[in-house]
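Overview (structure and organization)
Here are the chains, one letter per residue:
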Amino acid sequence: MAEIGKDIEKAARILSSGQLVAIPTETVYGLAGNALDEQAVLRIFKTKKRPEFDPLIIHLGDKSQLNEYVREIPEELQRLAERFWPGPLTLLVSKKPVISDLITSGLDTVGVRIPRHPLTRKLLQSLDYPLAAPSANPFGYISPTRASHVQDQLGEQIPYILDGGVCEVGLESTIVGMEEGQVIVYRLGGISVSDLEQTVGKVLILPQSSSNPKSPGMLKSHYAPKKPVVLGDLEALIEGYRQKGTVFAVLSFTRTFPDLPESLQLALSPDGDYDEAARNLFSSMRLLDASEADVILAEELPEIHLGKAINDRLRRAAAK
Ligand code: TXA
Ligand code: MG
């Protein structure tokens, strides 16, 4: 099992020796390694069982470190960085040669992010290299939002988990880049589209396509529990599955169902708060995935605030 603790210096020592450490961020926990050490980067792919065609993003402690690793940042993206960094935003920008093709899977662009979790920021500021870190889950499964989630799935394979508590946002970062003067959102995430648009005007949300995955996190089936997830109108689904005699669990936005067992239902936010719903999404899916149910029934949220990104994750979970 991995040691779980809050010792930043210990985490730094382990990382500098080429080993991996799970780190807390405001979005989800990351599986971090020295981005300038090819062996460490290879170890990330191996530990997650992640295909090497799926590029990693790098994490920095401070904007002053940026120009060591990236060529230039278009003006629109700079404005987004000003407004949302540190925070749940990843920018795709052209890389300098010091960032290896292994990180970017041969692409000219690298995903960069300055996270705002205080422990990890302090850690990053103490290092003289960036951290490559995908979400700390086996490839294709739900991202971890607490240290115990990482321990459950990767604890046998890594020496240390830096414990930063429950992730404040709970959804992965929003990934943004530019093509031909147009700002493009490649992955919906912790910063809502409306917040982005307040800063840079209309953005294009690149429709996901599994035949042409610009970014494999955009693969149709991803972020998925082991149990099947069925999305739709909860009343109708409950009625249908009850008649079939299947044991089901229910994941709703706000509602509870008095005639269903308490252990087989969760509401993401009884008060209808989108931030709370995002924060609870992945841990709720994990809990229901570990329940005795054979199937998870869920409903989409209204497409406002983080509802869009939450629905994106629900649809991918249901696409399996
Ligand atoms: O919130 C987050 O972004 C978390 C925390 C740990 O920072 N990290 C994370 O990493 O979600 P990961 O690897 O699980 O998801 C990053 C996504 C992947 O789908 C990858 O394909 C895409 O970003 N990506 C990375 N670099 C890219 C690039 N140069 N071009 C296109 N897509 C890229
Ligand atoms: Mg991931």
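Every chain's residues receive numbers from 1 upward, in the order its sequence appears when written. Chain A is the first chain written and ligand 1 is the first ligand written, with later ones labelled in order. At least 70 in pLDDT is required for a residue's local features to be given in this predicted model, at least 80 for side-chain atom pairs to be given and counted, and no such filter applies to totals for whole chains, interfaces and linings, which use all residues. Think of the side-chain values as coming from all heavy atoms in the structure, minus any hydrogens and water.

As a reminder of what qualifies: UniProt positions are given in the numbering used here, feature names are shortened, and annotations may be inferred rather than shown by experiment.
In the nomenclature of an unreviewed UniProt entry, the protein is known as Threonylcarbamoyl-AMP synthase of Cyclobacterium xiamenense. UniProt annotates the protein under Sequence similarities (unreviewed entry) with the comment "Belongs to the SUA5 family."

Considering the UniProt feature "domain: YrdC-like" (unreviewed entry) in the protein
Rules: Secondary structure counts use DSSP, requiring at least four H or I residues in a row for a helix and at least two E residues in a row for a strand, with both numbered from the N terminus.
Summarizing the sequence annotation, UniProt attributes the feature "domain: YrdC-like" (unreviewed entry) to residues 5-191 in the numbering used throughout. Span residues 5-191 is 27% helix and 21% strand, its end C-alpha atoms 29 Å apart.

Topic: the domain arrangement of the protein
Convention followed: What fixes the domain bounds is an automatic or database domain assignment. Contacts are residue-level and defined by heavy atoms, with any inter-residue pair within 4.5 Å sufficient. By convention, the term buried area covers the 1.4 Å-probe accessible surface removed from two parts as they join, with the contributions of both added. Side-chain atoms alone can form a polar contact between residues adjacent in sequence; in general such a contact is a pair of N or O atoms within 3.5 Å, and within protein one must be able to donate a hydrogen while the other accepts it. Any residue outside Ala, Val, Leu, Ile, Met, Phe, Trp, Tyr, Cys, Pro, Asp, Glu, Lys and Arg is labelled polar, Gly included; the first ten of those are nonpolar and the last four are charged.
What the domain assignment reports for the protein is domain 1 (3-74 + 92-170) and domain 2 (229-318). On a C-alpha basis, the centres of domain 1 and domain 2 stand 30 Å from each other. Facing 14 residues of domain 1, the contacting portion of domain 2 comprises eight residues. Counting each side, the surface lost to burial between domain 1 and domain 2 is near 910 Å², with a carbon and sulfur contribution of 54%. Interface area lost by domain 1 to domain 2 is led by Tyr141, Ile142 and His149, which between them contribute 44%. Our count for the contact surface shared by domain 1 and domain 2 stands at five residue pairs in polar contact (both at pLDDT 80 or more). Across the side of domain 1 that touches domain 2, the residue classes break down as six nonpolar, six polar and two charged.

Focus: the pattern of salt bridges
What counts is decided by this rule: By salt bridge we mean one thing: a side-chain nitrogen of Lys or Arg within 4 Å of a carboxyl oxygen of Asp or Glu. The buried label applies to any residue whose accessible area, calculated with a 1.4 Å probe on protein chains only, is under 20% of its type's maximum; exposed applies above 50%, and partly exposed to all values in between.
This structure, assessed with the given rule, holds 18 salt bridges. Residue aspartate 101 pairs with lysine 95 through a salt bridge whose shortest N-O separation is 3.8 Å. On the accessibility criterion, aspartate 101 (48% relative accessible area) is partly exposed. Glutamate 303 is the salt-bridge partner of lysine 308, the closest N and O atoms lying 3.8 Å from each other.

Quick notes on the packing of aromatic side chains
So the rule is basically this: Aromatic pairs are defined between Phe, Tyr and Trp rings, using the six-membered ring for Trp, whenever the two ring centres lie within 6.5 Å; interplanar angles under 30 degrees are classed as stacked, those over 60 as edge-to-face, and all others as tilted. Only when the NZ of Lys or the CZ of Arg is both within 6 Å of the ring centre and within 35 degrees of the ring normal is a charge said to sit over the ring.
According to the stated counting rule, one finds one aromatic pair in the structure shown. Looking at lysine 226, its charged tip hangs above the ring of tyrosine 141, at a distance of 4.6 Å from the centre. When the ring centre of tyrosine 241 is taken as reference, the NZ or CZ atom of lysine 244 above it lies at 4.1 Å.

Structural notes on the UniProt feature "binding site: ATP" (unreviewed entry) in the protein
If you check UniProt for "binding site: ATP" (unreviewed entry), the listed places come out as Arg50, His59, Thr109, Ser135, Ser143, Arg187 and Tyr223 in our numbering. Separation in sequence by 174 residues is matched in space for these annotated residues, since their most distant C-alpha atoms are 23.7 Å apart. Turning to its location among the elements, serine 135 is positioned in the loop between β7 (131-132) and α6 (147-154). For arginine 187, the position within the fold is in strand β10 (residues 182-187). Owing to a relative accessible area of 12%, arginine 187 belongs among the buried residues under this scheme.

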